[in-house]
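Topology and contacts: notes
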Amino acid sequence: MNTAIIGATGYGGVELIRMLAQHRGVEQIDVYSSSKQNTKLSDMYPHMKDLYNEILQPLETADWSAYDVVFLSTPPGISAEWSETIAAQTRVIDLSGDLRLKNAKTYEQWYQRQGAPESLLQEAVYGLTEWNRDEVAGTSLLSNPGCYPTAVLLGLLPLVDKDVIDPSNIIIDAKTGTTGAGRTPSETTHFSEMDGNFKIYKVNEHKHTPEIEQALDMHTGGNHPVTFSPHLVPMTRGILATMYVPLTDGTKSGHIEELFHQAYDKEPFARIRGEKTFPATKEVYGSNFCDIGWTVDERTSRLTVVTVIDNLVKGASGQAIQNMNVMLGADEKEGISQLPVYP
Ligand SMILES: NC(=O)C1=CN([C@@H]2O[C@H](COP(=O)(O)OP(=O)(O)OC[C@H]3O[C@@H](n4cnc5c(N)ncnc54)[C@H](OP(=O)(O)O)[C@@H]3O)[C@@H](O)[C@H]2O)C=CC1
Ligand SMILES: CC(=O)N[C@@H](CCC(=O)OP(=O)(O)O)C(=O)O
């Protein structure tokens, strides 16, 4: 398999290389850059020295048809511009938010930029692999989910799908490490702003809100806004999402357990930790796992679901490779079955 990465100099790109390099079906990983062409990627990232020696190439002269898959690991707006050209020649996996929202107006409202062409939005398949495997297998234009939506939806979909929670009153409280913001330093994420600090940001304004709602609404058939409060914590990787949801009348905790098992017992990357057994971010660090725990509060009839992922793996590059494997009919676990790094 021949692969190419646009945006290879970013965190998502480097994480793609780490895992593609361990993929037994991948022969070539070419890297493209809009700003650092003709230098070695390992000059920027010395941890790759002598392990990955490819030179960054310019996008303009690429022959995309030479690749089985092209990954776009670029900021919003870039894949809206490039996907059409590349998708005419080969498979595309877009890690940005450009092709996730089916409604261009919703994208424009939340991302405050013009959306991708309508034809691309309709063609792109949303690749939350556990819930969309058949569609993923049949597409050549894949939109990889956002990091927060991956953590949130893997925890909620088994429940909304079977009507055991009230979808009109969902509260999501999620925490992320700073790599979620990419490699470019910013005032919000640099060391002295984050060390020993803990911040809430973009409350009710985060661009992942409509992505979460779109997926939930597809399962409920309704139109239910969610409350979403993201937080930044002083760690490099990881997301822990806590979802507070009212149970519908008569739902018992044993039924919740059964639904998680029904949804995920055969899934290689969704691990059920059980009732009152809560996962921590380090337990999935560097891996493609999403771990899930929960508890029922009988006093309030509320369910608390907790999920953890590594934002750069299951939240981005790992899930992108999982989707690539499904698209190409390879073993879904190939290249991404590393154990978490612990401690
Ligand atoms: N970090 C995370 O946890 C997650 C990230 N994502 C999404 O994945 C994408 C990549 O994220 P991440 O790697 O963290 O971001 P980074 O900021 O670390 O990297 C993005 C890369 O995009 C490239 N780029 C910038 N401008 C252009 C351009 N005009 N044309 C082509 N390439 C360009 C840059 O490389 P160069 O200058 O060399 O071209 C840069 O290295 C983003 O859309 C992000 O939102 C999704 C889920 C989780
Ligand atoms: C810490 C931090 O800033 N995290 C990012 C995570 C979003 C992301 O990377 O996802 P997209 O692919 O949807 O752009 C944020 O909150 O915007």
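In this convention, every chain numbers its residues from 1, walking through the sequence in written order. Throughout, the order in which chains and ligands are written sets their labels, letters from A for the former and numbers from 1 for the latter. Per-residue local features of the predicted model are confined to residues with pLDDT of at least 70, and side-chain atom pairs are confined, for both listing and counting, to 80 or more; whole-chain, interface and lining totals are unaffected and use all residues.

1. What about the nonpolar core?
Counting residues in hydrophobic clusters, the biggest one holds 90 residues, and the most contacted among them are Ile5, Val70, Phe71, Ala151, Val152, Ile239 and Ala241. Note on conventions: DSSP H or I runs of at least 4 residues are helices, E runs of at least 2 residues are strands, and numbering of each starts at the N terminus. If one sorts the elements of this core by residue count, helix 7 (residues 147–160) sits on top with 9 residues. As annotated, the domain borders come from an automatic or database domain assignment. If you count residues domain by domain, this core takes at least three from each of domain 1 (2–123) and domain 2 (148–311). Connectivity within a nonpolar core runs through C-beta atoms within 7 Å, and the core itself is a set of buried Ala, Val, Leu, Ile, Met, Phe, Trp, Tyr and Cys residues. Buried means a residue has 20 or more other C-beta atoms within 10 Å of its own C-beta, exposed means 12 or fewer, and partly exposed covers the counts in between; C-beta atoms are placed from the backbone.

2. Observations regarding the environment of leucine 51
Of note, leucine 51 is situated in the loop between helix 2 (41–44) and strand 3 (69–72). The class for leucine 51 is exposed, based on 10 C-beta atoms found within 10 Å. Placed 210 residues apart in sequence, leucine 51 and histidine 261 show a C-alpha to C-alpha distance of 40 Å.

3. Topic: the sheet that holds strand 11 (residues 270–275)
Overall, mixed pairing links the 7 strands, which are arranged 8-9-7-10-13-12-11 in an open sheet. Both outer strands of the open sheet, strand 8 (199–200) and strand 11, are each paired with one neighbouring strand and no more. Pairing of strand 12 (residues 290–297) with strand 13 (residues 302–309), which is carried by 7 bridges, proceeds in the antiparallel orientation. Each residue of the ladder has a partner; that of aspartate 291, found in strand 13, is valine 308. A pair of strands counts as paired when DSSP detects no fewer than two bridges linking them.

4. Topic: the site of ligand 2
To decide nearness, the C-beta atom of each residue is placed from the backbone, and the residue is near a molecule or strand if that atom lies within 6 Å of it. Taken together, Ser96, Gly97, Gly146, Cys147, Thr176, Thr178, Gly180, Ala181, Lys207, His208, Pro230 and Leu232 make up all the residues around ligand 2. Polar here means any residue outside two lists: the nonpolar Ala, Val, Leu, Ile, Met, Phe, Trp, Tyr, Cys and Pro, and the charged Asp, Glu, Lys and Arg; Gly therefore counts as polar. Residue composition of the shell around ligand 2, grouped by class: 4 nonpolar, 7 polar and 1 charged.

5. Considering the UniProt feature "domain: Semialdehyde dehydrogenase NAD-binding" (unreviewed entry) in the protein
UniProt positions are given in the numbering used here, feature names are shortened, and annotations may be inferred rather than shown by experiment. Here, the residues flagged by UniProt with the feature "domain: Semialdehyde dehydrogenase NAD-binding" (unreviewed entry) are residues 2–139. End-to-end, the C-alpha atoms of residues 2–139 are 18 Å apart, and along that stretch the chain is 34% helix and 14% strand.

6. Some details on the site of ligand 1
Inspection of the region around ligand 1 gives 29 residues, with Gly10, Gly12, Ser33, Ser96 and Gly182 positioned closest. Looking at the shell around ligand 1, the elements that each hand over two or more residues are helix 1 (11–20) and helix 11 (313–327). Of all the elements, helix 1 adds the most residues to the shell around ligand 1, at 3 residues. A breakdown of the residues in the shell around ligand 1 according to their chemical character gives 9 nonpolar, 18 polar and 2 charged. Counting contributing residues per domain, the shell around ligand 1 is built from domain 1 (2–123) and domain 2 (148–311), each supplying no fewer than three.

7. What to know about the UniProt feature "active site" (unreviewed entry) in the protein
As recorded in UniProt, the feature "active site" (unreviewed entry) lies at Cys147. Within the secondary structure, cysteine 147 is located in helix 7. Residue class for cysteine 147 comes out buried when judged on the 28 C-beta atoms lying within 10 Å of it. We call two residues in contact whenever the C-beta atoms placed from their backbones are within 7 Å. Each residue touching cysteine 147, except ones within four places of it in the same chain, is listed here: Thr176, Gly180, Ile239, Asn311, Gly315 and Ala316.

8. Considering the domain arrangement of the protein
Along its sequence, the protein is organised into domain 1 (2–123) and domain 2 (148–311). On a C-alpha basis, the centres of domain 1 and domain 2 stand 27 Å from each other. Contacts between the two partners involve 9 residues from domain 1, matched on the other side by 7 residues from domain 2. With 3 residues, the single largest contributor to the side of domain 1 that touches domain 2 is helix 4 (residues 104–111). The residue inventory of the side of domain 1 that touches domain 2, partitioned by class, reads 4 nonpolar, 3 polar and 2 charged.

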